[in-house]
Amino acid sequence: MTWHIIGAGSMGCLWTAQLLKAGMKATLLVREQRLRSLNIAHNIARPILTVDEWDGATHRYPIKLNSPESLTDSITHLLVCTKAQDAEAAVQSLAGQLSDQCQILLMQNGMGSQQAIARQFCSQTVWAASTTEGAWMKDALHVCHAGSGSTWVGPVDQEPDDSVWQALKGVLEQLPLDIQFTHQIEQKLWDKLAINCAINGLTALYDCRNGELLNSKERQQRLAALTEEVTQVRQSAGVPGSGNLLELVHQVCRDTAMNHSSTCMDARRGRDTELAFINGYLIEQAEKLGVETPANRRLMKALTELNIR
Ligand SMILES: NC(=O)c1ccc[n+]([C@@H]2O[C@H](COP(=O)([O-])OP(=O)(O)OC[C@H]3O[C@@H](n4cnc5c(N)ncnc54)[C@H](OP(=O)(O)O)[C@@H]3O)[C@@H](O)[C@H]2O)c1
């Protein structure tokens, strides 16, 4: 079995390494221009992927690199490791190569991109993952697996046959990661979305670490207002919640006090953030359900004024 992984960032490199470690074949797909620069930088027929594991070990894997434009293989297993705003275009760039039985596994944070892809690729089986694994790039094709976490995987907007379900489960269970399958992936995505809606945008606004959101009364009030709106939208959408969200958000701020959120880091680097698929998704759902979200709108407006998108 060969996996094709699109997106050679933190998640793409981490998962490619885990697939290779489990003895599977993997081809990492990058844009044509990046393929040329990587080939020049490595100047070798077989580039090396380096992973610094969270336990201190370093592993190196010879890998196969290609680009969607040059690929001629038929894809049976696709892992999509771009940011949410790039996911649909990335899968689209491979549309001609996807077999009808292709299993498409989406690793994106936030919501909306998974549903859009599931609608477009209804001949294939689309799965989404929600993960707490942590990784960052030290250099091109050199990833640091900063924290071991767990990953939930489940089908998006469809219920595959049991044989399809068992086949993918059997494959992913071979990886040296904690992976669990669920029929309620939407609920898992909402759990993460709810926390990200409260924390991520605010950390970009205040350009601060997660723990610093608890530093002042004003910040705590904004956290509470965002959290309250998420709870209302989630309830109106009929998605079961898991306990007191504000308590959970405070707990996450304390547990990850020294961390900068990915949104804060993207904003600092002048990159597009995934907020359109976090607070943006929430606002869109709220509109459909007739729920007011003034705190989320105020946050998005303030970020836009700072040129954070
Ligand atoms: N990193 C983590 O610890 C972590 C944890 C949990 C969840 N996630 C989620 O996982 C997803 C991926 O995150 P990440 O940290 O891996 O992001 P990342 O490091 O920015 O990597 C994304 C990669 O996708 C590539 N890409 C974008 N469009 C492409 C296309 N059309 N064809 C080929 N490559 C394309 C980008 O290439 P260019 O740079 O050339 O644009 C980049 O290398 C995000 O939704 C994130 O929220 C990440």
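Check the entry above for the structure.
This report concerns the structure included in the present document.

## Quick word on the sheet that holds strand β10 (residues 142–147)
Strand pairing within a sheet occurs via backbone hydrogen bonds; the two strands may be parallel or antiparallel.
Phase 1: One open sheet holds the four strands; their spatial order is β4-β3-β10-β9, and the pairing between them is mixed. With one partner strand each, in any of the chains shown, β4 (58–62) and β9 (134–139) form the two edges of the open sheet. For this sheet, the mean angle separating the axes of adjacent strands, direction not counted, is 25 degrees.
Phase 2: Sheet topology places strand β3 (residues 48–52) next to β10; three bridges connect them, and they run parallel. The partner of Val51 across the bridge, within β10, is Val143.
Phase 3: Contacts between helix α1 (residues 10–21) and the sheet are confined to β3, β4, β9 and β10, with β9 contributing the most and set at about 100 degrees to the helix.

## Describing the packing of aromatic side chains
Phase 1: Summed over all chains, the structure comprises four aromatic pairs.
Phase 2: Ring geometry for Trp127 versus Trp165: centroids 5.7 Å apart, planes at 55 degrees, classification tilted. One end of the pair, Trp127, is in strand β8 (residues 125–131); the other, Trp165, is in helix α5 (residues 162–172), and 38 residues separate them in sequence.
Phase 3: Since its relative accessible area comes to 0%, Trp127 is described here as buried.

## What to know about the pattern of salt bridges
Phase 1: This model, assessed by the stated rule, comprises eight salt bridges.
Phase 2: Residue Arg36 is joined to Glu32 by a salt bridge in which the shortest nitrogen-to-oxygen separation is 3.8 Å. With Arg36 and Glu32 both in helix α2 (residues 32–42), this residue pair falls four residues apart, about one helical turn.
Phase 3: Judged by relative accessible area, which is 49%, Arg36 ranks as partly exposed.
Phase 4: In this structure, the salt-bridge partner of Asp207 is Arg268, at a minimum N-O distance of 2.7 Å. Here Asp207, found in the loop between α6 (185–206) and α7 (217–236), pairs with Arg268, found in helix α9 (residues 262–268); they are 61 residues apart in sequence, far enough to count as distant.
Phase 5: When its relative accessible area of 45% is taken as the criterion, Arg268 is described as partly exposed.

## Re the sheet that holds strand β1 (residues 2–6)
Phase 1: The strand order β5-β2-β1-β6-β7-β8-β11-β12 describes an open sheet built from eight strands, whose pairing is mixed. Each end of this open sheet is capped by a strand with a single partner; those strands are β5 (64–66) and β12 (178–181). For this sheet, the mean angle separating the axes of adjacent strands, direction not counted, is 25 degrees.
Phase 2: Sheet topology places strand β6 (residues 75–80) next to strand β7 (residues 98–106); five bridges connect them, and they run parallel. The partner of His77 across the bridge, within β7, is Gln103.

## Section: the side chain of Asn66
Phase 1: By secondary structure assignment, the location of Asn66 is in strand β5.
Phase 2: Setting aside its immediate chain neighbours within four residues, Asn66 contacts Thr27, Leu28, Leu29, Val30, Leu35 and Leu71.

## Regarding the packing of α6 against helix α8 (residues 245–255)
For any two helices packed against each other, the geometry is given by the interaxial angle and the distance between the axes.
Phase 1: Contact pair α6 / α8: the axes reach a minimum separation of 10 Å and the direction vectors enclose 65 degrees. Relative to α8, α6 is oriented so that their crossing is right-handed. Residues Ala194, Ile195, Ala198 and Ile199 of α6 form the contact with α8, whose participating residues are Leu245, Leu248, Val249, Val252 and Cys253.
Phase 2: By residue class, the composition of the contact of α6 with α8 is nine nonpolar, no polar and no charged.

The rules behind each value
- Residues numbered from 1 in each chain as written.
- Predicted model: local features only at pLDDT ≥ 70, side-chain atom pairs only at ≥ 80, totals over all residues.
- Heavy atoms only, no water.
- Pairing = 2+ DSSP bridges.
- Helix = DSSP H or I, 4+ residues; strand = E, 2+ residues; numbered from the N terminus.
- Axes fitted to C-alpha atoms, helices over the stretch in contact; angles between N-to-C directions.
- Contact = heavy atoms within 4.5 Å.
- Phe/Tyr/Trp six-rings, centres within 6.5 Å; stacked < 30°, edge-to-face > 60°.
- Buried < 20%, exposed > 50% of the residue type's maximum accessible area, 1.4 Å probe, protein only.
- Salt bridge = Lys/Arg side-chain N within 4 Å of Asp/Glu carboxyl O.
- Left-handed = near helix turned anticlockwise from the far one by under 90°.
- Nonpolar A, V, L, I, M, F, W, Y, C, P; charged D, E, K, R; others polar.

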